[in-house]
Amino acid sequence: MIVYQYKLKCSKVQKTLLDEAIRTCQFLRNLALRYWIDHKGEKFNKYTLTKLTTEESLKANHKFALKLNSKAREQAVLRATNAILRFFKKQGKFPKFKKDVRSFTLTQSGWKLNNEFNHLTLTDKLGIGKMKLVGKRNLHFYTKEQIKQITVIKRADGYYVLFCIDIERKEDVGYTGKEIAVDLGLEYMYTDSEGVHKENPRFFKKSEVTLKRLQKDVSRKKKGSSNRRKAKIKLQRKHLKVQRQREDFVVKTARQLYLSNDTVFLEDLSVTKMIQKNKFKSIRKSISTICWGKFKDWLKRYSEIFNKKLILVNPRNTSQLCSCCGLMVAKNLNVRVHSCSSCGFEAHRDHNAALNILKIGQGMPESATLKGCEKPKESPTSDLKLISSSQVCSVI
Ligand SMILES: [Zn+2]
(Lines give C-alpha, C1' and ligand atoms only; values in the text may rest on other atoms or scores of the structure.)
Protein backbone atom coordinates (compact mmCIF):
# COMPACT_ATOMS: atom_id res chain seq x y z
CA MET A 1 0.00 0.00 0.00
CA ILE A 2 1.18 3.47 -0.73
CA VAL A 3 -0.25 6.71 0.59
CA TYR A 4 -0.41 9.95 -1.36
CA GLN A 5 -1.05 13.14 0.44
CA TYR A 6 -2.64 16.33 -0.91
CA LYS A 7 -3.53 19.58 0.71
CA LEU A 8 -7.14 20.60 0.30
CA LYS A 9 -7.98 24.06 -0.90
CA CYS A 10 -11.29 24.85 0.72
CA SER A 11 -13.52 27.78 1.60
CA LYS A 12 -14.42 28.95 5.09
CA VAL A 13 -17.80 27.24 4.88
CA GLN A 14 -16.19 24.01 3.75
CA LYS A 15 -13.73 24.18 6.65
CA THR A 16 -16.62 24.48 9.10
CA LEU A 17 -18.33 21.52 7.47
CA LEU A 18 -15.16 19.44 7.54
CA ASP A 19 -14.84 20.25 11.24
CA GLU A 20 -18.40 19.11 11.72
CA ALA A 21 -17.67 15.81 9.98
CA ILE A 22 -14.61 15.28 12.20
CA ARG A 23 -16.61 16.10 15.33
CA THR A 24 -19.34 13.64 14.30
CA CYS A 25 -16.70 11.00 13.75
CA GLN A 26 -15.34 11.64 17.26
CA PHE A 27 -18.85 11.53 18.71
CA LEU A 28 -19.57 8.16 17.10
CA ARG A 29 -16.29 6.69 18.30
CA ASN A 30 -17.03 7.77 21.86
CA LEU A 31 -20.63 6.61 21.59
CA ALA A 32 -19.43 3.15 20.58
CA LEU A 33 -16.96 3.06 23.45
CA ARG A 34 -19.68 4.10 25.90
CA TYR A 35 -21.91 1.31 24.58
CA TRP A 36 -19.16 -1.25 25.09
CA ILE A 37 -18.48 -0.05 28.65
CA ASP A 38 -22.21 -0.19 29.50
CA HIS A 39 -22.63 -3.67 28.00
CA LYS A 40 -19.49 -5.33 29.26
CA GLY A 41 -21.12 -8.69 29.92
CA GLU A 42 -22.09 -9.12 26.29
CA LYS A 43 -20.08 -11.05 23.76
CA PHE A 44 -17.85 -8.74 21.77
CA ASN A 45 -16.54 -9.11 18.25
CA LYS A 46 -15.57 -6.95 15.29
CA TYR A 47 -19.19 -6.35 14.28
CA THR A 48 -20.77 -5.74 17.67
CA LEU A 49 -20.58 -1.98 17.47
CA THR A 50 -21.44 -1.48 13.80
CA LYS A 51 -25.14 -1.71 14.62
CA LEU A 52 -24.80 1.67 16.34
CA THR A 53 -24.18 3.39 13.02
CA THR A 54 -27.33 2.23 11.21
CA GLU A 55 -30.05 4.72 10.34
CA GLU A 56 -32.60 3.15 12.67
CA SER A 57 -30.38 3.35 15.69
CA LEU A 58 -29.27 6.96 15.06
CA LYS A 59 -32.66 8.30 13.98
CA ALA A 60 -34.06 8.47 17.49
CA ASN A 61 -31.43 10.40 19.43
CA HIS A 62 -28.54 11.37 17.20
CA LYS A 63 -30.12 12.46 13.97
CA PHE A 64 -27.30 14.90 13.20
CA ALA A 65 -24.88 11.99 12.79
CA LEU A 66 -26.86 10.78 9.78
CA LYS A 67 -25.48 13.65 7.75
CA LEU A 68 -22.12 11.90 7.72
CA ASN A 69 -21.60 9.27 5.04
CA SER A 70 -22.55 5.78 6.20
CA LYS A 71 -19.06 4.40 5.47
CA ALA A 72 -17.48 7.20 7.46
CA ARG A 73 -19.78 6.35 10.36
CA GLU A 74 -18.74 2.72 10.16
CA GLN A 75 -15.07 3.68 10.09
CA ALA A 76 -15.54 5.93 13.13
CA VAL A 77 -16.98 3.05 15.13
CA LEU A 78 -14.28 0.76 13.81
CA ARG A 79 -11.74 2.98 15.54
CA ALA A 80 -13.37 2.18 18.87
CA THR A 81 -13.57 -1.51 17.97
CA ASN A 82 -9.88 -1.62 17.11
CA ALA A 83 -8.94 0.12 20.35
CA ILE A 84 -11.00 -2.42 22.31
CA LEU A 85 -9.54 -5.39 20.43
CA ARG A 86 -6.03 -4.05 21.03
CA PHE A 87 -6.86 -3.87 24.72
CA PHE A 88 -8.08 -7.48 24.68
CA LYS A 89 -4.89 -8.62 22.98
CA LYS A 90 -2.88 -6.70 25.61
CA GLN A 91 -1.37 -4.50 22.91
CA GLY A 92 -2.87 -1.33 24.29
CA LYS A 93 -4.24 0.32 27.38
CA PHE A 94 -7.90 0.56 28.30
CA PRO A 95 -9.45 2.73 25.56
CA LYS A 96 -10.20 6.31 26.49
CA PHE A 97 -12.81 8.75 25.31
CA LYS A 98 -11.23 11.03 22.75
CA LYS A 99 -11.54 14.76 22.55
CA ASP A 100 -8.96 15.50 19.91
CA VAL A 101 -9.94 13.41 16.89
CA ARG A 102 -8.62 15.15 13.79
CA SER A 103 -9.73 12.99 10.90
CA PHE A 104 -12.43 10.94 9.28
CA THR A 105 -12.13 8.09 6.84
CA LEU A 106 -14.15 7.07 3.82
CA THR A 107 -13.85 3.82 1.95
CA GLN A 108 -14.86 3.53 -1.68
CA SER A 109 -18.06 5.55 -1.53
CA GLY A 110 -18.95 9.07 -0.46
CA TRP A 111 -16.32 10.77 -2.61
CA LYS A 112 -15.31 11.17 -6.22
CA LEU A 113 -12.47 12.58 -8.25
CA ASN A 114 -12.95 14.59 -11.42
CA ASN A 115 -11.54 13.44 -14.75
CA GLU A 116 -8.33 15.44 -14.33
CA PHE A 117 -7.77 13.98 -10.83
CA ASN A 118 -7.26 17.42 -9.35
CA HIS A 119 -10.55 18.01 -7.56
CA LEU A 120 -12.13 15.93 -4.82
CA THR A 121 -15.87 16.03 -4.17
CA LEU A 122 -17.32 14.72 -0.94
CA THR A 123 -20.86 13.59 -1.53
CA ASP A 124 -22.60 13.29 1.81
CA LYS A 125 -25.49 15.18 3.35
CA LEU A 126 -23.18 17.72 4.96
CA GLY A 127 -22.73 19.31 1.55
CA ILE A 128 -18.96 19.81 1.73
CA GLY A 129 -18.71 19.66 -2.05
CA LYS A 130 -15.79 20.15 -4.39
CA MET A 131 -12.26 20.95 -3.21
CA LYS A 132 -9.03 21.44 -5.12
CA LEU A 133 -6.14 19.06 -4.48
CA VAL A 134 -2.72 20.64 -4.04
CA GLY A 135 0.22 18.28 -4.29
CA LYS A 136 3.03 16.99 -6.47
CA ARG A 137 2.02 13.34 -6.77
CA ASN A 138 0.12 12.16 -9.80
CA LEU A 139 -2.96 10.07 -9.22
CA HIS A 140 -3.42 9.49 -12.96
CA PHE A 141 -1.50 6.25 -12.80
CA TYR A 142 -4.11 4.57 -10.64
CA THR A 143 -7.73 3.63 -11.11
CA LYS A 144 -10.42 4.50 -8.62
CA GLU A 145 -10.74 0.84 -7.70
CA GLN A 146 -7.14 0.88 -6.54
CA ILE A 147 -7.85 3.70 -4.10
CA LYS A 148 -9.16 1.71 -1.18
CA GLN A 149 -9.82 4.52 1.24
CA ILE A 150 -9.36 8.21 1.78
CA THR A 151 -8.78 10.03 5.04
CA VAL A 152 -9.41 13.71 5.53
CA ILE A 153 -7.19 15.06 8.27
CA LYS A 154 -6.94 18.44 9.95
CA ARG A 155 -3.46 19.67 10.72
CA ALA A 156 -2.21 22.94 12.20
CA ASP A 157 -1.64 24.38 8.74
CA GLY A 158 -4.78 23.20 6.97
CA TYR A 159 -6.76 20.24 5.77
CA TYR A 160 -5.19 17.28 3.98
CA VAL A 161 -6.47 14.23 2.22
CA LEU A 162 -4.64 10.91 2.14
CA PHE A 163 -5.33 8.43 -0.64
CA CYS A 164 -4.46 4.85 0.27
CA ILE A 165 -3.62 3.04 -2.94
CA ASP A 166 -3.55 -0.72 -3.00
CA ILE A 167 -0.34 -1.45 -4.86
CA GLU A 168 2.96 -2.82 -3.74
CA ARG A 169 5.80 -0.34 -3.94
CA LYS A 170 8.95 -1.88 -5.38
CA GLU A 171 12.14 -0.20 -6.52
CA ASP A 172 15.11 -1.83 -8.13
CA VAL A 173 18.26 -0.12 -6.92
CA GLY A 174 20.66 -3.00 -7.50
CA TYR A 175 22.72 -4.91 -4.98
CA THR A 176 26.05 -3.87 -3.52
CA GLY A 177 27.00 -7.11 -1.73
CA LYS A 178 27.61 -5.16 1.48
CA GLU A 179 26.41 -5.78 5.01
CA ILE A 180 26.34 -3.30 7.81
CA ALA A 181 25.40 -3.22 11.48
CA VAL A 182 24.17 -0.10 13.23
CA ASP A 183 24.17 0.70 16.91
CA LEU A 184 21.61 3.32 17.90
CA GLY A 185 22.80 5.81 20.44
CA LEU A 186 22.09 9.10 22.13
CA GLU A 187 25.43 10.76 21.42
CA TYR A 188 25.11 9.99 17.71
CA MET A 189 22.01 8.99 15.80
CA TYR A 190 23.81 5.72 15.07
CA THR A 191 27.30 4.31 14.67
CA ASP A 192 27.86 1.67 12.04
CA SER A 193 30.21 -1.28 11.99
CA GLU A 194 32.65 0.66 9.79
CA GLY A 195 33.05 3.20 12.56
CA VAL A 196 31.11 6.00 10.86
CA HIS A 197 29.01 8.15 13.16
CA LYS A 198 25.77 9.63 11.89
CA GLU A 199 25.30 12.95 13.60
CA ASN A 200 22.08 13.52 15.39
CA PRO A 201 20.55 16.73 14.02
CA ARG A 202 18.68 17.50 17.23
CA PHE A 203 15.93 19.45 15.56
CA PHE A 204 13.94 19.35 18.70
CA LYS A 205 16.72 20.81 20.82
CA LYS A 206 17.25 23.63 18.35
CA SER A 207 13.57 24.41 18.26
CA GLU A 208 13.09 23.88 21.96
CA VAL A 209 13.69 27.52 22.84
CA THR A 210 11.12 28.70 20.32
CA LEU A 211 8.66 26.04 21.39
CA LYS A 212 9.08 27.02 25.03
CA ARG A 213 8.43 30.67 24.20
CA LEU A 214 5.36 29.81 22.15
CA GLN A 215 4.08 27.54 24.90
CA LYS A 216 4.51 30.38 27.38
CA ASP A 217 2.58 32.68 25.04
CA VAL A 218 -0.32 30.26 25.05
CA SER A 219 -0.46 29.86 28.81
CA ARG A 220 -0.29 33.62 29.36
CA LYS A 221 -3.40 34.28 27.27
CA LYS A 222 -6.84 34.17 28.81
CA LYS A 223 -8.62 30.82 28.44
CA GLY A 224 -11.21 30.82 25.70
CA SER A 225 -9.97 34.08 24.15
CA SER A 226 -9.24 34.41 20.45
CA ASN A 227 -5.68 35.47 21.26
CA ARG A 228 -5.11 32.18 23.01
CA ARG A 229 -6.50 30.36 20.00
CA LYS A 230 -4.13 32.22 17.70
CA ALA A 231 -1.14 31.54 19.96
CA LYS A 232 -2.10 27.87 20.05
CA ILE A 233 -2.12 27.67 16.26
CA LYS A 234 1.38 29.19 16.16
CA LEU A 235 2.60 26.60 18.64
CA GLN A 236 0.98 23.73 16.75
CA ARG A 237 2.55 24.89 13.50
CA LYS A 238 5.99 24.92 15.05
CA HIS A 239 5.45 21.41 16.42
CA LEU A 240 4.33 20.29 12.97
CA LYS A 241 7.46 21.75 11.41
CA VAL A 242 9.76 19.95 13.84
CA GLN A 243 7.84 16.73 13.32
CA ARG A 244 8.19 17.02 9.54
CA GLN A 245 11.92 17.77 9.79
CA ARG A 246 12.44 14.70 11.95
CA GLU A 247 10.39 12.48 9.70
CA ASP A 248 12.24 13.72 6.65
CA PHE A 249 15.62 13.08 8.25
CA VAL A 250 14.69 9.58 9.38
CA VAL A 251 13.29 8.61 5.97
CA LYS A 252 16.34 9.87 4.11
CA THR A 253 18.78 8.22 6.52
CA ALA A 254 17.03 4.85 6.26
CA ARG A 255 16.91 5.07 2.46
CA GLN A 256 20.58 5.97 2.27
CA LEU A 257 21.56 2.98 4.40
CA TYR A 258 19.80 0.62 2.03
CA LEU A 259 21.13 2.27 -1.11
CA SER A 260 24.67 1.43 -0.06
CA ASN A 261 24.04 -1.91 1.68
CA ASP A 262 22.10 -5.11 1.07
CA THR A 263 21.66 -6.15 4.67
CA VAL A 264 21.28 -4.04 7.78
CA PHE A 265 21.71 -5.58 11.21
CA LEU A 266 19.94 -3.72 13.98
CA GLU A 267 19.47 -4.20 17.69
CA ASP A 268 16.06 -5.59 18.49
CA LEU A 269 15.04 -2.86 20.92
CA SER A 270 11.56 -2.25 22.15
CA VAL A 271 11.60 1.53 22.03
CA THR A 272 8.25 2.01 23.75
CA LYS A 273 9.29 -0.17 26.68
CA MET A 274 12.64 1.59 26.95
CA ILE A 275 10.90 4.94 27.18
CA GLN A 276 8.42 3.68 29.75
CA LYS A 277 10.98 1.94 31.94
CA ASN A 278 13.83 4.44 31.97
CA LYS A 279 14.25 6.24 35.27
CA PHE A 280 15.72 9.42 33.86
CA LYS A 281 13.44 11.96 32.27
CA SER A 282 16.21 13.40 30.12
CA ILE A 283 17.06 10.01 28.62
CA ARG A 284 13.39 9.22 28.03
CA LYS A 285 13.05 12.53 26.23
CA SER A 286 16.19 11.97 24.17
CA ILE A 287 15.06 8.53 23.04
CA SER A 288 11.68 9.79 21.96
CA THR A 289 13.06 12.85 20.18
CA ILE A 290 15.62 10.82 18.24
CA CYS A 291 12.78 8.68 16.79
CA TRP A 292 14.43 5.26 17.08
CA GLY A 293 11.05 3.65 16.59
CA LYS A 294 10.35 5.54 13.38
CA PHE A 295 13.85 4.82 12.11
CA LYS A 296 13.31 1.10 12.66
CA ASP A 297 9.93 1.26 10.91
CA TRP A 298 11.42 2.99 7.88
CA LEU A 299 14.33 0.55 7.70
CA LYS A 300 11.79 -2.25 7.59
CA ARG A 301 9.79 -0.43 4.92
CA TYR A 302 12.80 0.21 2.70
CA SER A 303 14.05 -3.36 3.09
CA GLU A 304 10.73 -4.44 1.59
CA ILE A 305 10.70 -1.81 -1.15
CA PHE A 306 14.25 -2.59 -2.29
CA ASN A 307 13.89 -6.34 -1.67
CA LYS A 308 16.77 -6.28 0.82
CA LYS A 309 17.17 -7.54 4.37
CA LEU A 310 16.75 -6.15 7.85
CA ILE A 311 17.93 -8.54 10.55
CA LEU A 312 17.15 -7.83 14.18
CA VAL A 313 19.76 -8.92 16.69
CA ASN A 314 19.38 -9.52 20.41
CA PRO A 315 21.07 -6.45 21.99
CA ARG A 316 22.17 -8.33 25.13
CA ASN A 317 25.73 -7.40 26.13
CA THR A 318 26.57 -5.95 22.73
CA SER A 319 28.09 -2.86 24.34
CA GLN A 320 30.00 -4.80 27.00
CA LEU A 321 31.64 -7.58 25.00
CA CYS A 322 34.92 -7.03 23.20
CA SER A 323 34.24 -7.44 19.51
CA CYS A 324 37.80 -8.63 18.93
CA CYS A 325 38.32 -11.37 21.53
CA GLY A 326 34.86 -11.73 23.11
CA LEU A 327 35.96 -10.78 26.64
CA MET A 328 33.38 -9.11 28.84
CA VAL A 329 34.52 -5.52 29.48
CA ALA A 330 31.98 -4.02 31.85
CA LYS A 331 31.52 -0.26 31.52
CA ASN A 332 29.04 2.40 32.55
CA LEU A 333 27.15 4.61 30.14
CA ASN A 334 29.58 7.47 30.67
CA VAL A 335 32.59 5.44 29.48
CA ARG A 336 32.66 6.31 25.80
CA VAL A 337 35.70 4.28 24.72
CA HIS A 338 35.97 0.53 24.71
CA SER A 339 39.40 -0.63 25.68
CA CYS A 340 40.16 -4.32 26.07
CA SER A 341 42.85 -5.35 28.55
CA SER A 342 43.16 -8.80 27.03
CA CYS A 343 43.70 -8.16 23.31
CA GLY A 344 44.34 -4.43 23.41
CA PHE A 345 41.50 -3.58 21.02
CA GLU A 346 40.40 0.01 21.36
CA ALA A 347 37.40 1.65 19.70
CA HIS A 348 34.53 4.00 20.31
CA ARG A 349 32.00 2.31 22.55
CA ASP A 350 29.27 2.40 19.86
CA HIS A 351 31.61 1.16 17.13
CA ASN A 352 32.50 -1.85 19.28
CA ALA A 353 28.79 -2.50 19.86
CA ALA A 354 28.07 -2.27 16.12
CA LEU A 355 30.85 -4.77 15.42
CA ASN A 356 29.31 -7.13 17.96
CA ILE A 357 25.90 -6.74 16.32
CA LEU A 358 27.45 -7.53 12.95
CA LYS A 359 29.14 -10.62 14.36
CA ILE A 360 26.00 -11.93 16.03
CA GLY A 361 23.85 -11.05 13.01
CA GLN A 362 26.11 -12.82 10.54
CA GLY A 363 25.98 -15.93 12.69
CA MET A 364 22.20 -16.00 12.65
CA PRO A 365 20.38 -18.49 10.41
CA GLU A 366 18.42 -15.67 8.73
CA SER A 367 21.59 -14.21 7.32
CA ALA A 368 22.77 -17.51 5.81
CA THR A 369 20.70 -17.16 2.66
CA LEU A 370 21.11 -13.48 2.04
CA LYS A 371 23.19 -11.42 -0.36
CA GLY A 372 19.92 -9.82 -1.33
CA CYS A 373 19.08 -12.14 -4.20
CA GLU A 374 16.29 -14.20 -2.80
CA LYS A 375 12.75 -12.96 -2.60
CA PRO A 376 11.55 -11.80 0.81
CA LYS A 377 8.77 -13.67 2.54
CA GLU A 378 5.31 -12.65 1.46
CA SER A 379 4.22 -9.80 3.67
CA PRO A 380 0.81 -10.08 5.33
CA THR A 381 -1.90 -8.24 3.42
CA SER A 382 -1.94 -4.66 4.52
CA ASP A 383 -4.76 -3.66 6.77
CA LEU A 384 -6.65 -1.00 4.91
CA LYS A 385 -9.41 -0.73 7.41
CA LEU A 386 -7.90 2.13 9.33
CA ILE A 387 -4.81 4.27 9.20
CA SER A 388 -3.44 5.13 12.60
CA SER A 389 -1.99 8.55 13.20
CA SER A 390 1.54 7.18 13.12
CA GLN A 391 0.93 5.72 9.69
CA VAL A 392 -0.61 8.96 8.56
CA CYS A 393 2.71 10.64 9.21
CA SER A 394 4.58 7.91 7.37
CA VAL A 395 3.55 9.20 4.02
CA ILE A 396 5.93 8.88 1.12
ZN1 LIG B 1 39.48 -7.97 23.45
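Residues numbered from 1 in each chain as written. Predicted model: local features only at pLDDT ≥ 70, side-chain atom pairs only at ≥ 80, totals over all residues. Heavy atoms only, no water.

Caption draft 1: Quick peek at the overall build of the protein chain. A tally of helices and strands in the protein chain yields ten helices and 14 strands. Dimensions along the principal axes, computed over C-alpha positions, put the protein chain at roughly 80 × 55 × 50 Å. In the protein chain, of all internal contacts separated by at least 6 residues, the share reaching a separation of at least 24 is 70%. As displayed, the protein chain offers around 22,500 Å² of accessible surface, 51% of which is attributable to carbon and sulfur atoms. (Helix = DSSP H or I, 4+ residues; strand = E, 2+ residues; numbered from the N terminus. Contact = heavy atoms within 4.5 Å. Areas by Shrake-Rupley, 256 points an atom, 1.4 Å probe, with all protein chains shown as cover.)

Caption draft 2: Summary view of unusual backbone geometry. Despite not being glycine, Asn307 has its phi angle at roughly 60 degrees, a positive value. Position of Asn307 among the secondary structure elements: in the loop between helix 8 (292-305) and strand 12 (309-313). Residue Asn307 is classed as buried on the basis of its relative accessible area, which comes to 18%. You will see that Asn317, though not glycine, has its phi angle at about 60 degrees, which is positive. With respect to the helices and strands, the residue Asn317 is situated in the loop between strand 12 and strand 13 (337-339). The partly exposed category is assigned to Asn317, whose relative accessible area is 30%. (Buried < 20%, exposed > 50% of the residue type's maximum accessible area, 1.4 Å probe, protein only.)

Caption draft 3: Structural context of the coordination of the zinc ion. Taken together, the protein ligands of the zinc ion are Cys322 (SG), Cys325 (SG), Cys340 (SG) and Cys343 (SG), with distances of 2.3 Å. Every donor counted, the four donor atoms about the zinc ion form angles of 106 to 112 degrees at the centre, which fits tetrahedral coordination. Each donor residue of the zinc ion lies on one chain, and together they are spaced C-x2-C-x14-C-x2-C. Since its relative accessible area comes to 35%, Cys343 is described here as partly exposed. (Donors = N, O, S within 2.8 Å, 3.2 Å for Na, K, Ca; no water. Tetrahedral: all angles 85-135°; square planar, octahedral: opposite > 155°, others 65-115°.)

Caption draft 4: Looking closely at the side chain of Asp157. Considering the arrangement of structural elements, one finds Asp157 in the loop between strand 6 (147-155) and strand 7 (158-165). Of the polar contacts made by the side chain of Asp157, one reaches the side chain of Tyr160; its length is 2.9 Å. Once residues lying within four places of it in the same chain are set aside, the contact partners of Asp157 are Lys7, Arg237, Leu240 and Arg244. (Polar contact = N/O pair within 3.5 Å; in protein donor to acceptor, adjacent residues only side chain to side chain.)

Caption draft 5: Highlighting the sheet that holds strand 5 (residues 129-134). Taken together, the seven strands give an open sheet; going across it, the order is 2-6-7-1-5-4-3, and neighbouring strands pair in antiparallel fashion. Of all strands in the sheet, those bounded by a partner on one side alone are strand 2 (103-106) and strand 3 (111-113). Taken pair by pair, the neighbouring strands of this sheet meet at an average axis angle of 30 degrees, ignoring direction. Note: strand 1 (residues 2-9) against strand 7, six bridges, orientation antiparallel. (Pairing = 2+ DSSP bridges. Axes fitted to C-alpha atoms, helices over the stretch in contact; angles between N-to-C directions.)

Caption draft 6: Region of the structure containing the nonpolar core. In this structure, Leu49, Leu120, Leu122 and Phe163 are the most contacted members of the largest nonpolar core, which totals 47 residues. With ten residues, helix 1 (residues 12-38) is the single largest residue contributor to this core. In this structure, Leu120 is in contact with Leu8, Trp111, Lys112, Leu113, Gly129, Lys130, Met131, Leu133, Ile150, Val161 and Phe163, ignoring residues within four places of it in sequence. Among the nonpolar cores identified, the runner-up in size contains 34 residues, and Tyr190, Val264, Leu266 and Ile283 belong to it. (Core = buried A, V, L, I, M, F, W, Y, C linked by side-chain atoms within 4.5 Å.)

Caption draft 7: Focus on the sheet that holds strand 12. One open sheet accounts for five strands, arranged 10-9-8-11-12; its pairing is mixed. Each of the sheet's edge strands pairs with one partner strand only, and the pair in question is strand 10 (197-198) and strand 12. In terms of strand pairing, strand 11 (residues 263-267) meets strand 12 through five bridges, oriented parallel. Each residue of the ladder has a partner; that of Phe265, found in strand 12, is Ile311. Those strands touched by helix 9 (residues 349-362) are strand 8 (179-184), strand 9 (190-192), strand 11 and strand 12, and its axis lies near 130 degrees from that of strand 8.

Caption draft 8: Quick look at the packing of helix 1 against helix 3 (residues 70-88). Interaxial distance between helix 1 and helix 3 falls to 8 Å at its minimum, and their mutual angle equals 45 degrees. Between helix 1 and helix 3, the angle is such that the two are oblique. When the axes of helix 1 and helix 3 are compared, the crossing they make is right-handed. Residue-level contacts link Cys25, Leu28, Arg29, Ala32, Leu33 and Trp36 of helix 1 to Arg73, Ala76, Val77, Arg79, Ala80, Ala83, Ile84, Phe87 and Phe88 of helix 3. The residue inventory of the contact of helix 1 with helix 3, partitioned by class, reads twelve nonpolar, no polar and three charged. (Parallel < 35°, antiparallel > 145°, perpendicular 65-115°, else oblique. Left-handed = near helix turned anticlockwise from the far one by under 90°. Nonpolar A, V, L, I, M, F, W, Y, C, P; charged D, E, K, R; others polar.)

Caption draft 9: Quick peek at the domain arrangement of the protein chain. With domains assigned, the protein chain is organised as domain 1 (2-165) and domain 2 (179-372). Relative placement of domain 1 and domain 2: their C-alpha centres are 34 Å apart. Contact with domain 2 buries surface across domain 1, with Arg155, Ala156 and Asp157 losing the most and accounting together for 80% of the total. Our count for the domain 1 to domain 2 interface comes out at one salt bridge. A salt bridge links Arg244 to Asp157; the nearest nitrogen and oxygen atoms lie 3.2 Å apart. (Domains from an automatic or database assignment. Buried area = accessible area lost by both parts, 1.4 Å probe. Salt bridge = Lys/Arg side-chain N within 4 Å of Asp/Glu carboxyl O.)

Caption draft 10: Examining helix 8 more closely. When the terminal C-alpha atoms of helix 8 are compared, their 20 Å separation across 14 residues agrees well with the 20 Å that a helix rising 1.5 Å per residue should span. Of all the positions in helix 8, only Trp292, Phe295, Trp298, Leu299, Tyr302, Ser303 and Ile305 are classed as buried. For helix 8, the buried positions fall inside an angular range of 160 degrees around the axis, keeping them on one side. Where helix 8 terminates, the next one or two residues include Asn307, which has phi positive at roughly 60 degrees. (Expected span 1.5 Å × (residues − 1). Arc of directions from axis to C-beta.)

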